[in-house]
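Inside the fold
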Amino acid sequence: MIWVNQIVQGILLGGYYAVLASGLSLMFGVMRIINLAHGDLAVLGAFLVFLFSKHGLSPWLALVIVLPVMGVAGWVLQRGLLERSLRAGPLTPLLATFGLLIVIENLLFEKFGPDERSLFPYIGKLGYDSWTITSQVIVGKIYVLILVVAVCLLGGLQLFLAWTPLGRALRATAEDPDTAELVGVDSRRVYALAAAIAVATAALAGAFLAMRSSFNPYSGSQQLIFAFEAVVIGGIGSLWGTLTGGIVLGVAQNIGAQLNPQWFLLAGHLVFLAVLALRLLLASLGGNWGLRTILGRA
Amino acid sequence: MTLLSVEELDARHGFLRAVRGVSFEVAAGETLAIVGANGAGKSTLLRAIAGAHKPAGGRIVFDGHDITALSAHHRVREGIALVPEGRRLFTGMTLEENLLVARRRARPGPWDVEAVLDAFPLLAARRKSRAGNLSGGEQQATAIGRALMTNPRLLLLDEVSLGLAPVAVDGVYRALRGLIETGATLVLVEQDLNRALEVATRVACMLEGEIVLEGPAAEMTREQVVEAYFGLGRPEGETAVPA
Amino acid sequence: MNVSVERSTRLSRVSAACVIALLAALAFVPVALSANVTDKLTTLFVYLILAAMWNALAGYAGLVSVGQQAFFGLGAYAAIRLTQHGVNVYAALVLGALLAGATAIPLSIFMLRLRGGEFAIGMWVVAEVCFGLVILDTSVHGLTGVSLIALNKYSAHDQRAYAYWFALGSAVVFLGLIFALLRSRTGASLQAIRDDEEAAASVGVSVLGGKRVVFVLAALGCATAGTIWLATSITFTPRSYFGVEWTAYMIFMALVGGLGTFEGPILGAVLFFVVQDQFGDNGVWYLVGLGGAAIFFALLLPRGLWGTVEERFGLQLLPVGYRLRGLESIANPEPVEGRRP
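Residues numbered from 1 in each chain as written. Chains lettered and ligands numbered in written order. Predicted model: local features only at pLDDT ≥ 70, side-chain atom pairs only at ≥ 80, totals over all residues. Heavy atoms only, no water.

All right, on to the overall build of chain B then. Helix and strand counts for chain B come out as 8 helices and 10 strands. In terms of overall dimensions, chain B is globule-like: its C-alpha atoms have a radius of gyration of 18 Å, near the 18 Å expected for 243 residues. Reported as C-alpha extents along the three principal axes, the dimensions of chain B are approximately 60 × 40 × 35 Å. When contacts within chain B are restricted to residue pairs at least 6 apart in sequence, those whose partners lie at least 24 apart make up 67%. Across chain B, the mean location of the 27 positive side-chain charges is 9 Å away from that of the 30 negative side-chain charges. (Helix = DSSP H or I, 4+ residues; strand = E, 2+ residues; numbered from the N terminus. Rg over C-alpha atoms; globule rule 2.2 N^0.38 Å. Contact = heavy atoms within 4.5 Å. Lys, Arg positive; Asp, Glu negative; His and termini not counted. Charge placed at Lys NZ, Arg CZ, Asp CG, Glu CD.)

Here it is in C-alpha cells:
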C-alpha cells in the first residue's frame, strides 16, 4: 500500500511538472528554441507572487497581476532577445538563454538573499489540508488543485491550437514560418504570443512550487531540468505527452525516494536517461517514435 | 491600369545575382507568363514580389504604392498572394485548416472555403483529410485555393504544373482559365511553354536573371520564345573566367 | 591563373616562434617568480584548458554542452579515490583525469545522437547524475567533501611548483592536441560539419566520428582541469566541482574570446582571469556581468573579440587552416554571361 501511495504522490507531482513543462514544450514546438532560462522565469514568477503576498495581497489575486505581467515579459523576451538569437544561428538561443539564466538567478539572489521562501503561510489551510483515501494514501489538496489546473491548462491549450484562428496560425507557423507569412500570418507576432504563453505558464508553475514547497533564487536550474525531463519522457512536441512525462517523472522520483530518501533526484534522472536511450534506439531502428512530432499532431 | 510595376529589381542568393535589373509591368486583368529554363531566376523574382525574398536593389510598386520594404504578410493584406513552388502546404493540418489559416487575415471578397470547394470540386470529399495525404493534383488545387482565400488582387503562381500528371495539370489550368475569366490578374511562372502560351495574354522569357524577350502572347511565335528560352541567336558574350 | 595552397603565412610563422619562446620562459616561473604569481598562473592555465575545450565542442563540433562540469568533477573524484587506494598523488591526478575522460567514450555513443538543446541539457543531467552518485559515496563524505591529504607528503613550495608544471604541461598538451586536430583531416572535416552537416556527410565525412573525437578530447581536458584544480585547492566539495557555474565560465571565455577560433579561448581565458581577479569579490554582480556579457556577445558579437579582429583584418596568428594564394583572380566571379550556340 505504501507503494500505491508513492505512485499517487508521483502522479500528483506530475501535475506540477506538467504545468512547469508546458511552456518549455510550447516554445520548443513552435520555435525550436530550448529556453534555458525557463526554470528561472518560473522562480521569478514565484518571487513576484511572494512579494505581493508579503504585502498582504492574497496569492491568488497576486497571480491575476503577475501572470499577465510575466506574459508581457515573455513577449518582450521573444521580440528583444530570442528573435535575434534565432536569426544568428542554431547555437545562439542556447547561449543567450543561458546568459539570461545566470543574470536572473543572481539578480534574484541580490534582491532576496539565499533564504528559502514559500507561499505556504499565505494560502490558508490549502497548504496542509488533505483527503485521506486510505490509511496509507493521503492526497494533499494543493497537489490535487495543481493537477486539475494542469489538465485544464493542457486541455485549454489543445483546444486553442485546434479550434481557434490564432491557434491555427500558431500551428502553421510552427510547421513552416515562411509559408505562413505568405498566407498573411505575422510570424514574429505569433512567436511572441507563444513566448508570452510559455513564460506566463512558467510563472504559474513557480507560484505552485511556492505553494506546495519552497524555493530560493537558485531553484531555477533544478526546475529547468525537471521540465526538460518531463518533455523528453513524454515526447517532444506533444502537449499531452508533457503530462504523461511529468507523471512518469514524478512517479519515478517518489518510488526512488521510497527505496532511499537520497535517491529522489537520481531516480528521476536515471528514468529520464533510460527513456531517452530507448527512444534513440527505436529511432535508429527506423520509424518516428515521437522524437520530433510536430505540434499539429499533438 | 497598371497593377504591378517592377523596376530594376535585383535579387541575390549569396554572391549569385539571380535576378539582374529586371523591369516590367502588369496591367489589371492581364495574365503574364514568365518562362525560362531552370535557374533563370523566375522563382526568385516571384518570391521577391511576394515579399518572401529581400531584394538587393530596385523597386516594386503595387497599385501606386511602393511596397519594396513591406513584409510578406503585409503584402497579403495589400492583395498579393503567392502559390509557392512545391505547394508548401501545412502537411500536419487538414485541407480545410490549410484554407482557414489563410482566411484569418484575408481581404474582404468572394472567396471562402465553400467557394474554393466549388471551384475545385475534387477537394470537397477530402476536406477533412490531412494535407500530407492528398495527391499531387489535390495538393496543388489546395495551394491555389489557399492563396485565393486571401482574396488577392494579384495572384502569383510558381510552377503549378511541376510534378503533376497531365490530367491533374489539365484540371489546374481549367481552374486558372476560370479565374482569368472573372478578371483576375495573374503572373504565372511556368516551365511548360505550351501550357503557358495557352492562358497568357503576355509572355516574358527569362534567361540568367534577365528578361530577354517580352510581348503580347498573340504576337509571339513559338520559335521566338524557344530561341529566347535557350539563349540561341545571342551574340557571343564575355565569359567569367579570364583567359 | 596561379593558385597555390599554403599552410602558414609569415606572420603565423613568427608567432609560432614567439609561442615557443614564451613556453620556455613560462617553465621557469616557479623558481624565478613569487608564490602568488605561480598560483595565479596555475589558475589561468586551468581556465585556458576549460575555455579551449568548450570552444572545441561548440566552435568546432557544434555541440553546446551545459554539463562539462561532469568531467571536471569526475576527474577530481577519481583522483581522490585513487589516492585513497594508495596511488601516488601526482600519478593519481593524471590517472584520474584519464579515467574520467574515458567515461566519455561510452557516453558519446549515447549523447552524440542528441541534437542542439537536447544535447545541452542532456549533458547537464549527466552532470547532475554524476553529482548525485558521487555524494552517495561515503568515502568522499557526501556533500561535505574531503581533502587531498596525500599532498601532505610534499612541502607547500613543491606542491605549488608541481601543480604549476602539471597545469602548464596540460595546457600545452591540450592546446597542442587541438592545434594538431585542426590541421589534420579531422579538423577540415569538423569545419565542414560545422558549416553544413548534411553536405559534409554526403561527401563521405564521418560526422559522428569527428564529433566523437572532439567530445572525448573535451572530456579529457575538463577532467584534467578538475584534477589540477584539486591539486591547488586541495579540498574536494562535490557541489562546487559539479556546479553549473563552471559552464558559465566556459561559455563566457569561449564566447568573448571568439568561438571557433584557435586564439579566441586563450584571449577569453586571460580576460576572464583578469575579471575574476579584479571583480571576483563583488559577489553576484560579477556573475550578473558574466551572464550579461554572454548575452551581449551571443547576439551582437557572435564571433567574439578575436573572431571579429580576425575577420576585420584577415589576421591569423597561428597557422591553422589553409590559405589559397592567387585567389583574387577568381574571387567574386560573375555568372556566365553568354552561351555559344
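Looking now at the sheet that holds strand S2 (residues 16–27) of chain B. Within a beta sheet, neighbouring strands are joined by backbone hydrogen bonds and run either parallel or antiparallel to one another. Residue and element names in this part refer to chain B. An order of S2-S1-S4-S5 is seen for the 4 strands of this open sheet, with the pairing classed as antiparallel. One side of each edge strand has no neighbouring strand; the edge strands of this open sheet are S2 and strand S5 (65–66). The sheet contact formed by strand S4 (residues 57–62) and S5 spans 2 bridges and is antiparallel. The partner of Phe-62 across the bridge, within S5, is His-65. (Pairing = 2+ DSSP bridges.)

A few words now on the side chain of Arg-117 of chain A. All names here are of chain A. Among the structural elements, Arg-117 can be located in the loop between helix H4 (92–112) and strand S1 (130–132). Among buried Asp, Glu, Lys and Arg side chains, Arg-117 stands out as unpaired, with Asp-115 the closest opposite charge at 4.3 Å. Within polar-contact distance, the side chain of Arg-117 engages the backbone oxygen of Phe-112 at 2.5 Å. (Buried < 20%, exposed > 50% of the residue type's maximum accessible area, 1.4 Å probe, protein only. Salt bridge = Lys/Arg side-chain N within 4 Å of Asp/Glu carboxyl O. Polar contact = N/O pair within 3.5 Å; in protein donor to acceptor, adjacent residues only side chain to side chain.)

Time to look at the packing of aromatic side chains. Under the criterion given, the structure shown has 29 aromatic pairs over all chains. Taking the centre distance of 5.4 Å and the plane angle of 40° together, the rings of Phe-109 of chain A and Tyr-218 of chain A count as tilted. Of the two residues, Phe-109 of chain A sits in helix H4 while Tyr-218 of chain A sits in the loop between helix H8 (187–212) and helix H9 (219–234), which places them 109 residues apart along the sequence. On the accessibility criterion, Tyr-218 of chain A (35% relative accessible area) is partly exposed. Seen from their ring centres, Tyr-47 of chain C and Phe-272 of chain C are 4.8 Å apart, and the 70° between their planes marks the pair as edge-to-face. Taken as a pair, Tyr-47 of chain C in helix H3 (residues 35–60) and Phe-272 of chain C in helix H14 (residues 264–279) lie far apart in primary sequence, 225 residues in all. Side by side, Tyr-47 of chain C and Phe-272 of chain C carry an identical accessibility label, which is buried. Aromatic ring contacts, followed pair by pair, group Tyr-47, Phe-72, Tyr-77, Trp-229, Phe-236, Tyr-241, Trp-246, Tyr-249, Phe-252 and Phe-272 of chain C into a single cluster. Over the ring of Tyr-16 of chain A we find Arg-212 of chain A, and its NZ or CZ is 4.3 Å from the ring centre. Stacked on the ring of Phe-131 of chain C, the Lys or Arg Arg-239 of chain C has its end atom at 4.0 Å from the ring centre. (Phe/Tyr/Trp six-rings, centres within 6.5 Å; stacked < 30°, edge-to-face > 60°. Lys NZ or Arg CZ within 6 Å of the ring centre and 35° of its normal.)

Looking now at a nonpolar patch on the surface. All names here are of chain A. The grouping of Phe-52, Leu-61, Val-64, Ile-65 and Val-69 at the surface amounts to a nonpolar patch, some 420 Å² of accessible area in total. Broken down by element, the nonpolar patch gets its largest block of residues, 4 residues, from helix H3 (residues 59–88). Considering the arrangement of structural elements, one finds Phe-52 in helix H2 (residues 38–54). According to the relative accessible area criterion, Phe-52 is partly exposed, its value standing at 31%. (Patch = residues over 30% accessible without salt bridge, like charges linked within 9 Å, V, L, I, M, F, W, Y side chains within 5 Å. Areas by Shrake-Rupley, 256 points an atom, 1.4 Å probe, with all protein chains shown as cover.)

All names here are of chain B. The alternating pattern of strand S6 (residues 80–83) places Ile-80 and Leu-82 and Ala-81 and Val-83 on opposite faces, both of which are buried. Across 4 bridges, S6 lies against strand S7 (residues 154–158) in parallel orientation. The residue of S7 that forms the bridge with Val-83 is Leu-157.

This brings us to helix H11 (residues 207–233) of chain C. The first and last C-alpha atoms of H11 of chain C sit 39 Å apart over 27 residues, in line with the 39 Å expected at 1.5 Å per residue. Note on H11 of chain C: the residue one or two positions beyond its end, Ile-234 of chain C, has a positive phi of about 70°. (Expected span 1.5 Å × (residues − 1).)

On to the side chain of Gln-78 of chain A, then. Residues and elements named next belong to chain A. One can find Gln-78 in helix H3. Residue class for Gln-78 comes out buried when judged on its relative accessible area of 0%. Setting aside chain neighbours within four positions, we find Gln-78 in contact with Met-31, Glu-83, Leu-86, Tyr-191, Ala-192 and Ala-195.

So, on to the interface of chain C and chain A. Counting residues at the interface gives 39 residues for chain C, matched by 39 residues for chain A. For the pairing of chain C and chain A, the buried interface totals around 3400 Å² over both sides, and the portion due to carbon and sulfur atoms is 85%. One can count 0 salt bridges joining chain C with chain A. Along the contact surface separating chain C from chain A lie 1 residue pair in polar contact (both at pLDDT 80 or more). Mapped onto the side of chain C that touches chain A, the elements with two or more residues apiece are H3, helix H7 (116–134), helix H13 (245–257) and helix H15 (284–300) of chain C. Sorting elements by how many residues they give to the side of chain C that touches chain A places H7 of chain C first, with 12 residues. When grouped by side-chain class, the residues that make up the side of chain C that touches chain A number 27 nonpolar, 8 polar and 4 charged. (Buried area = accessible area lost by both parts, 1.4 Å probe. Nonpolar A, V, L, I, M, F, W, Y, C, P; charged D, E, K, R; others polar.)

Residue and element names in this part refer to chain C. Relative orientation of the contacting elements H3 and H14 amounts to 135°, with a least axis distance of 8 Å. Taken together, the axes of H3 and H14 lie oblique to each other. As H3 runs across H14, the sense of the crossing is right-handed. Contact with H3, carried on its side by Lys-40, Thr-43, Leu-44, Tyr-47, Leu-48, Ala-51, Ala-52 and Asn-55, involves Pro-265, Ile-266, Ala-269, Val-270, Phe-272, Phe-273, Gln-276 and Asp-277 of H14 and no other residues of that element. Taken together, the residues of the contact of H3 with H14 break down into 11 nonpolar, 3 polar and 2 charged. (Axes fitted to C-alpha atoms, helices over the stretch in contact; angles between N-to-C directions. Parallel < 35°, antiparallel > 145°, perpendicular 65-115°, else oblique. Left-handed = near helix turned anticlockwise from the far one by under 90°.)

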